[in-house]
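# Close look at the chain arrangement
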Amino acid sequence: MASLWRYVLAGVGLAALLAGILAAVYLTAPQAPRLAGSEMAGSEIARSKKTANGLFVASFEPERGVVRQGELQSWLLTLRTKAGTPVEGAAITISGGMPQHRHGLPTSPQATDYLGDGRYRIGGVKFTMSGLWQLHFAISAAAGSDTVVFNVLL
């Protein structure tokens, strides 16, 4: 009878050890970043949106169609007025970073070329790690000045 209790106790101990290991693996496994705040719900990763004051409609996409981690890449920012007219001659400044990590961009992206039809090439974009990145655009054109923030999730 005593040896039966030893087996039962050993089984319970082994089950507890396995449960502990599984809990440790679950709690330390990398998880996809969660977007916080109601302002980021729904269309938080939208590639096209109105600027903060509604002066422009901005679209933002990788020039090669794919977001790449660790590579220097170019993106396209397309600007149109509320009426849909392409915005030409805009002055654009870019900033941003990873809000959850509280650091800025590893590079200094710039509007390098105007491609016509309201499209601007944004060169020098680099995402060094996975997570939520934000790119802030300050836009100044004939219609006025406005800002827009795009979220990029890697």
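What this report covers is the structure whose coordinates are included nearby. On a predicted model such as this, the values are computed, not experimentally measured, just so you know.

## So, the nonpolar core
Counting residues in hydrophobic clusters, the biggest one holds 24 residues, and the most contacted among them are Leu 77, Leu 79 and Phe 137. When contributions to this core are tallied by element, the ones reaching two or more residues are strand 2 (56-62), strand 3 (73-81), strand 4 (91-98), strand 7 (119-125), strand 8 (132-141) and strand 9 (144-153). Counting residues per element, this core draws most heavily on strand 8, which supplies 5 residues.

## Regarding the packing of aromatic side chains
Evaluated as defined, the whole model comprises 7 aromatic pairs. The interplanar angle of 20° and the centroid separation of 4.5 Å between the aromatic rings of Phe 60 and Trp 75 together place this pair among those described as stacked. Taken together, the residues span a long stretch of sequence, with Phe 60 in strand 2 and Trp 75 in strand 3 at a distance of 15 residues. With a relative accessible area of 1%, Phe 60 lands in the buried category. Ring-pair connections join several aromatic residues into one group, and the members of that group are Phe 60, Trp 75, Phe 127, Trp 133, Phe 137 and Phe 150.

## With respect to the side chain of Asn 151
Its location among the elements puts Asn 151 in strand 9. Polar side-chain contacts of Asn 151 include one of 2.9 Å to the side chain of Gln 134.

## Observations concerning the sheet that holds strand 1 (residues 48-50)
Pairing is antiparallel in the open sheet, where 5 strands are placed in the order 1-2-3-7-6. Among the strands making up the open sheet, the edge pair consists of strand 1 and strand 6 (110-116). Across the sheet, the axes of successive neighbouring strands diverge by a mean angle of 25°, strand direction being ignored. One ladder, built from 5 bridges, connects strand 6 with strand 7; its direction is antiparallel. Directly across from Tyr 114, in strand 7, lies its bridge partner Tyr 120.

## Concerning the environment of Gly 131
With respect to the helices, strands and loops of the structure, Gly 131 is situated in the loop between strand 7 and strand 8. Along the primary structure Gly 131 and His 101 are separated by 30 residues, whereas in three dimensions their C-alpha atoms are 9.1 Å apart.

## What about the sheet that holds strand 8?
Read from one edge to the other, the open sheet built from 4 strands follows the order 5-4-8-9, with strand pairing classed as antiparallel. The sheet terminates laterally at strand 5 (103-104) and strand 9, the two strands that pair on one side only. Pairing geometry for strand 4 and strand 5, over 2 bridges, is antiparallel. Its bridge partner lying in strand 5, Met 98 is registered against His 103.

Reading the values: rules and limits
- Residues numbered from 1 in each chain as written.
- Predicted model: local features only at pLDDT ≥ 70, side-chain atom pairs only at ≥ 80, totals over all residues.
- Heavy atoms only, no water.
- Core = buried A, V, L, I, M, F, W, Y, C linked by side-chain atoms within 4.5 Å.
- Buried < 20%, exposed > 50% of the residue type's maximum accessible area, 1.4 Å probe, protein only.
- Helix = DSSP H or I, 4+ residues; strand = E, 2+ residues; numbered from the N terminus.
- Phe/Tyr/Trp six-rings, centres within 6.5 Å; stacked < 30°, edge-to-face > 60°.
- Polar contact = N/O pair within 3.5 Å; in protein donor to acceptor, adjacent residues only side chain to side chain.
- Pairing = 2+ DSSP bridges.
- Axes fitted to C-alpha atoms, helices over the stretch in contact; angles between N-to-C directions.

Coordinates in, geometry out; function isn't part of it.
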